[in-house]
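# Structural description and commentary
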Amino acid sequence: MQHLYYSRPNAYTASSTPNHLAYAQRHTPMRLNSYDHYYARNAQRRRPIATTAAPATTQEPALAGATDPELSKLSRAQLLELNQKMLEETGMEANVRQLISPVLPMSELRNEYGGGVFVRRIDWLVSQGYTAFRRSRGDGDCMFRSIAFAFVEKVLNAPDITLAVASAVSTLESTLPMLKAAGFEPLVYEDFYDIFRSLIDQIVRPDSATRERLDANLLLEAFQEPEVSNSAVVYLRLLTSAQIRTDEDNYSAFLFHPETGEQIGVREFCEAFVEPTGKESDHVQMTAISRALKINVRIAYLDGSGAGDSVEFVEFENRAEVVPSERGGFKAIELLYRPGHYDILERL
């Protein structure tokens, strides 16, 4: 099939510079209108669902497990607001911060806080070997972008790269039948899938245009380019939706509207809170994407929950026999969660 390459700005790349577009054209040929088709199909889904406002006298309960005296009196909404103000003050909000940053020392994260429990827990993470992190832009897609980048990075850094690439490609190929079973047309997901898979392929097979294999610098460059980075996000969002839709029995009891707390159906949840870009994600989405990609994920919760100065890790584990853990050197992806935001933890 002859491809018509996409060479004009679109919903994802309106702010791209000519150099960014040149990179996208060189590395990521797109079939014409693939983004337009996706956005037209999801235009209604990105509209917020009408909700009934809670009575003025209703007070949201404090964050579960927030036993630290400095934070225990704050509600979840207040913690989110506190974190958002910090993002804005440090220039990390959407459209200012890089989509994915270079590796940064944990001291930079530490400097964002004046002191108290958050600083002590950052110090605890450092003592456990987490001496660095990567920022992900706080645009509502940070969880999926972090997972996508870390997935490729783990393959790139695997002791047996050939085996890790083969395992990752096999996993990605196995997602296509699930996407079809969930009712997605190939035209909706195939370009996003192709771009994400091409990053994996380029680890062992040089790019046809540049003759370069993917390395750490090219991986970061790719994920700082909106055309590539957001394609990975969309693919993972669609894959997450497909996982939930095709396994309703394991998810339906846990689907609640994030504002009203009311239980909602699988289709409504996926169309409103999974598939649209810019929608924040939580436990359900993380469970689904980790199962779909057959990966283990460990999340350090720097959110004020728990007591003491240590950080609680929540693990999303899959069956060892289907996870290329030690065989390909593909160990767990590790993320850092702050209220409403995910970054990537790094051990150097």
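Before any of the text, the structure's been laid out above.
Numbering of residues starts from 1 in every chain and runs along the sequence as written. Since the coordinates come from a predicted model, pLDDT governs what is reported: local features require at least 70, and pairs of side-chain atoms require 80 or more to be given and counted, while whole-chain, interface and lining totals use all residues. Side-chain measures were taken over the full set of non-hydrogen atoms in the model, leaving aside hydrogen atoms and water.

Even without a glycine there, the phi angle at R211 is positive, about 65 degrees. Its location among the elements puts R211 in the loop between α8 (186-201) and α9 (216-224). Positive phi, normally seen in glycine, also occurs at K294, with a value near 55 degrees. Helix and strand assignments follow DSSP, with helices taken as H or I runs no shorter than four residues and strands as E runs no shorter than two, numbered in order from the N terminus. Note that K294 resides in the loop between α12 (283-292) and β3 (297-301). Accessibility expressed as a relative area gives 26% for K294, which makes it partly exposed. Three exposure classes are used, based on accessible area relative to the maximum for each residue type with a 1.4 Å probe and protein chains only: buried under 20%, partly exposed in between, and exposed over 50%.

Turning our attention to the pairing of strand β5 (residues 333-338). On a regular strand, one side chain projects to one face of the sheet and the next to the other, so that they alternate. When you tally the buried positions in β5, you get six out of six residues, the bulk of the element. Of the two faces of β5, the one carrying I333, L335 and Y337 and the one carrying E334, L336 and R338 are both buried. Any two strands with at least two DSSP-identified bridges between them are counted as paired. Where β5 meets strand β6 (residues 341-346), four bridges bridge the pair, whose relative direction is antiparallel. Counted as the bridge partner of Y337 is Y342 from β6. Between β5 and β6, which pair antiparallel one after the other, the connecting turn spans two residues, and G340 there sits at a positive phi close to 80 degrees.

A word on the packing of aromatic side chains. Put simply, two rings from Phe, Tyr or Trp (the six-membered ring, in Trp's case) pair if the centres are within 6.5 Å, and we call them stacked under 30 degrees between planes, edge-to-face over 60, tilted for the rest. Scanning all chains against the criterion turns up nine aromatic pairs. Geometrically, the ring pair formed by F149 and F223 is edge-to-face, given 5.3 Å between the ring centres and 85 degrees between the ring planes. Taken as a pair, F149 in helix α6 (residues 142-156) and F223 in helix α9 lie far apart in primary sequence, 74 residues in all. Owing to a relative accessible area of 0%, F149 belongs among the buried residues under this scheme. Judged by relative accessible area, which is 0%, F223 ranks as buried. Connected via pairs of aromatic rings, a cluster forms that spans F151, Y193, F196 and Y235.

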